[in-house]
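# Observations on chain architecture
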Amino acid sequence: MAGVSSESLTAALVALEAKLPFASLQLAKELFGILGTVDSSAGLRRALTDPSRSGDEKSALVKQLFSGKVSTDAAEIASGLAGSRWASARDIGDALETLAASVVIAVAENKSAVSASGITGLEALENDLFAFNQAVISSHEVQRALSEPQASPAAKTVLAEKLVPNASEEAKVLIGQAVTQPRGLKVTNLVRRFAELAAKRQQRWIATVSITRPLTETQASRLQAGLNALYGRELKINMNVDPALIGGIRIQVGDEVVDASVIARLGQLQRQLAG
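This section reports on the structure supplied with the text. (Residues numbered from 1 in each chain as written. Predicted model: local features only at pLDDT ≥ 70, side-chain atom pairs only at ≥ 80, totals over all residues. Heavy atoms only, no water.)

### Quick notes on the environment of valine 103
Rules: Runs of E in the DSSP output that reach at least two residues are strands. Runs of H or I that reach at least four are helices, and both are numbered from the N terminus. Exposed residues in this analysis have more than 50% of their type's maximum accessible area, buried residues have under 20%, and partly exposed residues fall in between, with area computed by a 1.4 Å probe over protein chains only. Should any heavy atoms of two residues lie within 4.5 Å, those residues are counted as being in contact.
The topology assignment puts valine 103 in helix H6 (residues 89-113). Looking at valine 103, the relative accessible area reads 0%, which means it is buried. With 78 residues separating them along the chain, valine 103 and leucine 25 place their C-alpha atoms 7.2 Å apart. In this structure, valine 103 is in contact with Leu16, Leu20, Ala23, Ser24, Leu27, Ala28 and Leu31, ignoring residues within four places of it in sequence.

### Considering the pattern of salt bridges
Note the threshold: The working definition used for a salt bridge is a side-chain nitrogen of Lys or Arg within 4 Å of a carboxyl oxygen of Asp or Glu.
Counted by the stated rule, this structure contains 13 salt bridges. Across the pair arginine 183 and aspartate 39 runs a salt bridge whose closest N-O atoms are separated by 2.6 Å. Of this pair, arginine 183 sits in the loop between helix H10 (169-180) and helix H11 (187-202) while aspartate 39 sits in helix H2 (residues 25-39), placing them 144 residues apart in sequence. The class for arginine 183 is buried, based on a relative accessible area of 11%. In this structure, glutamate 97 and arginine 193 form a salt bridge, with 3.2 Å as the shortest nitrogen-oxygen distance. Remark: arginine 193 occurs in helix H11 and glutamate 97 occurs in helix H6; sequence separation between them is 96 residues. A single salt-bridge network, built from bridges that share partners, covers Asp39, Arg90, Asp94, Glu97, Arg183 and Arg193.

### A look at the sheet that holds strand S1 (residues 206-211)
Here is the rule we go by: Two strands pair if DSSP finds at least two bridges between them. All axes here are fitted lines through C-alpha atoms, helices being fitted over the stretch that makes contact, and every angle between N-to-C directions spans 0 to 180 degrees.
Pairing is mixed in the open sheet, where four strands are placed in the order S2-S1-S3-S4. Either end of the sheet is taken by a strand with one partner, and the two such strands are strand S2 (236-241) and strand S4 (256-259). For this sheet the average axis-to-axis angle between neighbouring strands, irrespective of direction, equals 15°. Strand direction decides the pairing type here: strand S3 (residues 249-253) and S4, joined by four bridges, are antiparallel. Looking across to S4, one finds that glutamine 252 is bridged to valine 257. Strands in contact with helix H12 (residues 217-231) are S1, S2, S3 and S4; relative to S2, the strand with the most contacts, it is inclined by about 130°.

### Topic: the nonpolar core
The cut-off we apply is this: By nonpolar core we mean a set of buried residues, namely Ala, Val, Leu, Ile, Met, Phe, Trp, Tyr and Cys, connected to one another through side-chain atoms within 4.5 Å.
Counting residues in hydrophobic clusters, the biggest one holds 62 residues, and the most contacted among them are Leu31, Ile34, Leu129 and Phe132. Broken down by element, this core gets its largest block of residues, 12 residues, from H6. Counting 10 residues, the second largest nonpolar core, distinct from the first, contains Ile211, Leu227, Leu235 and Ile237.

Remember, this is a structural readout, not a statement about activity or role.
What follows is the structure, given as structure tokens:
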């Protein structure tokens, strides 16, 4: 996904963030259900991505279709996507899938974030998804069963759950979605994509700190407390000693980078002089 579709998805993910602390698996299931409806109708996909229609008109269409059938949050998320611009009819479905998976991932994150680091729930989810893929890859019989077009979604779900009987409810939702609605992908490829989304979410809980020399125990404790307070969560800190920085510190949490190193300042000065 690129161009205008990528911009629309990014905006939708930003808007979704406010709902994630209170997210539920029911919301994710509703979004996946809306995705199934969109995928089943080429006419609906065209209507929702028709550039000649206004965003308000397309949003109203979604509200008309799903009002009373799903929660207010699910209808709001779907109508918001419909009101955005998309480069192709498939892109809006891909975006719905990403948002629904993001809700599931947030539920796993929130389960452990109450008393500890949310990274624990995300790691567990990734492990369950990885275990499922390993079980599928190791058996040609299972691969054939999951790709059999005549097999019912219920039968595929039962088989999938037998492969990872101890998987979390969050993992079962994502795996169930992959085996019943792979949307033209291999089941394992879609599960891997879900795992990558979880891994990206996990990076929000990890601070990679680059320094020129090791910190004392007191300095490390102060840094930990300061970063926890700044980001409002218990971060895992990975220290990286990098003499090339010359001095100062560089911190990366997810996509956010704070670079107060001497080398960064010199680079900035060099750009100013060149300008």
